[in-house]
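# Reading the structure
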Amino acid sequence: MSAVEPLALAAPVIGPVGPLPDGRDAPFWDGLASRRLLIQRCAGCAAWIWGPQWNCPECHRFDPDWVEVEPRGRVFTWTRTWQPFAPEFAELTPYVTVVVELPHAGGRRLLGLLLNGDGVRGAGVAGAEDPVLGEDLEGVFQPGSELTGGTAVLRWRRSNQQRGES
Amino acid sequence: MTVIKGVAVAGIGETGYYKRGTAPYGALGLCVKAILAACEDAGVDPHELDGFCSHGDDRNEGVELAAALGCNELRWSSIVWGGGGGGLCGALGQAAAAIISGQASKVIVLRGHAENEGARLMTAVSHEHMNVHFRAHGVVSPTQVCALRARRLLDHDGVPADAFKALAQACYFHAANNPGAVGRDVVLDDDRYLGARYIAEPYRLYDCSRENDGAAAILLTSVEEAASLRRRPVHLAAVAQSQPRHWGPLIDNDDDYTSAGFKLVGERLWRATGLTVDDVDVTQVYENVSGAAVAALIDHGFCTAQSAGEVLTLENLIAPGGGLPVNTSGGSIAEGFVHGIGLTLEAVRQIRGESCNQVPDAAVSLLIGGPVAPFVSSAIFTAEAL
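Each chain carries its own residue numbering, running from 1 in the written order of its sequence. All chains are assigned letters beginning with A, and all ligands numbers beginning with 1, in the order in which they are written. Since the coordinates come from a predicted model, pLDDT governs what is reported: local features require at least 70, and pairs of side-chain atoms require 80 or more to be given and counted, while whole-chain, interface and lining totals use all residues.

## Quick word on the overall build of chain B
Strands are runs of DSSP state E lasting at least two residues, helices are runs of H or I lasting at least four, and both sets are numbered from the N terminus onward. Looking only at helices and strands, one finds 16 helices and 12 strands in chain B. What the globule rule says is 2.2 Å times the number of residues to the power 0.38, and the radius of gyration is computed from C-alpha atoms. Relative to the globule expectation of 21 Å for 386 residues, the C-alpha radius of gyration of chain B, 19 Å, shows essentially globular dimensions. Taking the principal axes of the C-alpha coordinates as reference, chain B spans close to 55 × 45 × 45 Å. Counting contacts in chain B only where the partners sit at least 6 residues apart, residues at least 24 apart contribute 79% of the total. By the convention adopted here, residues are in contact when the distance between their C-beta atoms, placed from the backbone, does not exceed 7 Å.

In structure tokens form, the structure reads like this:
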């Protein structure tokens, strides 16, 4: 648990976390609150859709389904942020953000924070235990906190690391 | 798409670059300063201006500018939608459309901002363009967004990191000859580049542009009108804008992820003008970060991911001797950054023969707008009509 908690509780987040102003992604956030990853899929042509839309960009049918997807993925790309781009981040850098490719959702991608196992928060050395493109990741549902305005979020950890939280 | 016929740059003007948050005027005042300088350069009475075009969420609307300048009649006011510098050249295209269609005759293309007033970094950029699906995961800056792309450009496409370094070094090399460049005193040797702190890996400090206060303006007219004015006309020969399918505001779900978005722009520019990359004498490529410019050069056909290491060397990227001179006034990285508009001025100066790092007899000058933006654009200036 200790390996995860520091970043989990003090994540580099600014501004309100939750649905876009028009609410077209509200089911995604509702799903995270009940520990389910929901991604859009067209009920007509079966295209996976992300980012969230009101309609399918391929066949233009409205009201895509929200399909539960296993929260597993692969590192598509990553960056380790050292610059505190917001004052709130000063104590949190460095941290690693990954773009996660979801094989169970047609290869659609999500951004997320890599929780433990990036080797950086302890080492403070660039290049230490860098993520590798294609590496397996698993999602961690993180309950809402004060920082996220009470909204649950999905974080990620490396699949080959020992689980560090409940 | 065909070439643009009959539109020319008649004048350019700028305020120079202030450290972010230190400009003596708000953005509107800075824009007026730049516009007055462009009118002085051209020999045009500012009251005769009748159109304004901008890009990148510029807050300085044509109506405000026309009121501030006392313009006789505003007939055209437009902006390329969307953030980033993607619309840098699209705004030139809007001005050309206004002039060719007879809706306006003396059109200013401009960009200006002052951080104290506009708070561009933390409002326009972080909150409007990095939506919650970025912000919830610590991604609030374009540098980070570009860093994600760059990591895959390096690790998947195999572009060598030395290409990023060469691009940044070329900018600082050119800035040394530019008295107005913010980074003119930085000698960016390998040790300084590689020893600098990381901002967002793989980007270190000198891979990144800085945000400045300032403004710049370009006055466009018909070629006939420009020929009657003070300066030799510089022809705006072509503009192409593009958002390909499966590219854009997709929260990093773009198909061609390591592209900078210009592949169709490049194809269309070369097809329309009959020019090739070999005909380009000098290039200004928007580089908020080094790797995004590298990707843009690949998109336009100057090299491939495989040949980037051979083509994008410092020696080849600098004027006057290099085969692919880029960002000859120092660019966004080393001259200063007002959303890329300084690059437009330098593209014009090269055709005029007035650059601080002049490419001898430059006749074809390529301008590449903001890379990795949802809607990107490029333009070609020429000494003679195509």
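## Details of the interface of chain A and chain B
Taken together, the contacts link 31 residues of chain A with 29 residues of chain B. At the level of secondary structure, the elements contributing two or more residues to the side of chain A that touches chain B comprise strand E4 (72-81), strand E5 (95-102) and strand E6 (108-113) of chain A. Classifying every residue of the side of chain A that touches chain B gives 18 nonpolar, 10 polar and three charged. Here the nonpolar group is Ala, Val, Leu, Ile, Met, Phe, Trp, Tyr, Cys and Pro; Asp, Glu, Lys and Arg are the charged ones; every other residue, Gly included, is treated as polar.

## Things to note about the sheet that holds strand E3 (residues 65-69) of chain A
Residue and element names in this part refer to chain A. Pairing in this open sheet of three strands is antiparallel, and the strands run E2-E1-E3 from one edge to the other. In the strand order of this sheet, the two ends are held by strand E2 (48-49) and E3, each with one partner. Here the axes come from fitting lines to C-alpha atoms, over the contacting stretch only for helices, and the angles between their N-to-C directions go from 0 to 180 degrees. Relative to strand E1 (residues 37-41), helix H2 (residues 26-33) is tilted by about 155 degrees, and along the sheet it contacts E1 and E3. At least two bridges found by DSSP between two strands is the condition for calling them paired.

## A look at the domain arrangement of chain B
Residues and elements named next belong to chain B. Start and end points for every domain follow an automatic or database-based domain assignment. Along its sequence, chain B is organised into domain 1 (7-120 + 213-233) and domain 2 (140-209 + 235-382). Taking only C-alpha atoms, the centre of domain 1 and the centre of domain 2 are 23 Å apart. Taken together, the contact pairs 31 residues of domain 1 with 29 residues of domain 2. If you list the elements that add at least two residues to the side of domain 1 that touches domain 2, you get strand E1 (7-14), helix H3 (88-100), strand E5 (107-113) and strand E8 (212-222).

## A short note on the packing of helix H1 (residues 27-42) of chain B against helix H2 (residues 62-69) of chain B
Residue and element names in this part refer to chain B. At a closest axis distance of 10 Å, the pairing of H1 and H2 adopts a crossing angle of 65 degrees. Read as a crossing pair, H1 and H2 show a hand that is right-handed. Touching Leu28, Cys31, Val32 and Ile35 of H1 are Glu64, Leu65, Ala68 and Leu69, all from H2. Within the contact of H1 with H2, the residues separate by chemical class into seven nonpolar, no polar and one charged. Handedness of a crossing follows from how the near helix is turned relative to the far one, being left-handed for an anticlockwise turn of less than a right angle and right-handed for a clockwise one.

## Some points on helix H8 (residues 161-175) of chain B
To estimate the expected span of a helix, subtract one from its residue number and multiply by 1.5 Å. The first and last C-alpha atoms of H8(B) sit 22 Å apart over 15 residues, in line with the 21 Å expected at 1.5 Å per residue. Here a residue counts as buried when 20 or more other C-beta atoms sit within 10 Å of its C-beta, as exposed when there are 12 or fewer, and as partly exposed otherwise, the C-beta atoms being derived from the backbone. When you tally the buried positions in H8(B), you get 13 out of 15 residues, the bulk of the element.

## Let's talk about the pairing of E5(A)
Residues and elements named next belong to chain A. Summarising burial for E5: eight of the eight residues are buried, a large majority. Looking at chain direction, E4 and E5 are connected through seven bridges and run antiparallel. Looking across to E5, one finds that Val75 is bridged to Val100. Across six bridges, E5 lies against E6 in antiparallel orientation. Residue pairing across strands places Leu102 opposite Arg108, the latter belonging to E6. As consecutive antiparallel partners, E5 and E6 are separated by five residues, and within that stretch Gly106 has a phi angle of approximately 65 degrees, a positive value.

## As for the pairing of strand E4 (residues 76-80) of chain B
Residue and element names in this part refer to chain B. With five of five residues buried, E4 lies mostly within the body of the structure. Along E4, one buried face is formed by Trp76, Ser78 and Val80 and the opposite face, lined by Ser77 and Ile79, is buried too. Relative to E4, strand E3 (residues 51-55) runs parallel, the two being bridged by five bridges. Bridge pairing links Cys53 to Ser78 in E4.

## A closer look at unusual backbone geometry
All names here are of chain B. Cis rather than trans, the peptide bond between Glu201 and Pro202 has omega equal to 10 degrees. By secondary structure assignment, the location of Pro202 is in the loop between strand E6 (198-200) and strand E7 (203-204). In the segment running from Ala319 into Pro320, the intervening peptide bond is cis, with an omega of 0 degrees. Looking at where Pro320 falls in the secondary structure, it is placed in the loop between helix H14 (314-317) and helix H15 (331-334). Even without glycine at this site, His246 takes up a positive phi of about 60 degrees. Positionally, His246 belongs in the loop between strand E9 (234-242) and helix H11 (263-273). Positive phi, close to 50 degrees, is recorded for Ile251, a residue that is not glycine. Counting through the fold element by element, Ile251 comes out in the loop between E9 and H11.

## Notes on H1(B)
Residue and element names in this part refer to chain B. With 16 residues, H1 should cover 22 Å at 1.5 Å per step; its first-to-last C-alpha distance of 23 Å lies within 8% of that length. With 12 of 16 residues buried, H1 lies mostly within the body of the structure. Looking at H1, one finds that the buried residues are Ala27, Leu30, Cys31, Val32, Lys33, Ala34, Ile35, Ala37, Ala38, Cys39, Asp41 and Ala42. Of the residues flanking the end of H1, it is Gly43, one or two places downstream, whose phi is positive at about 80 degrees.

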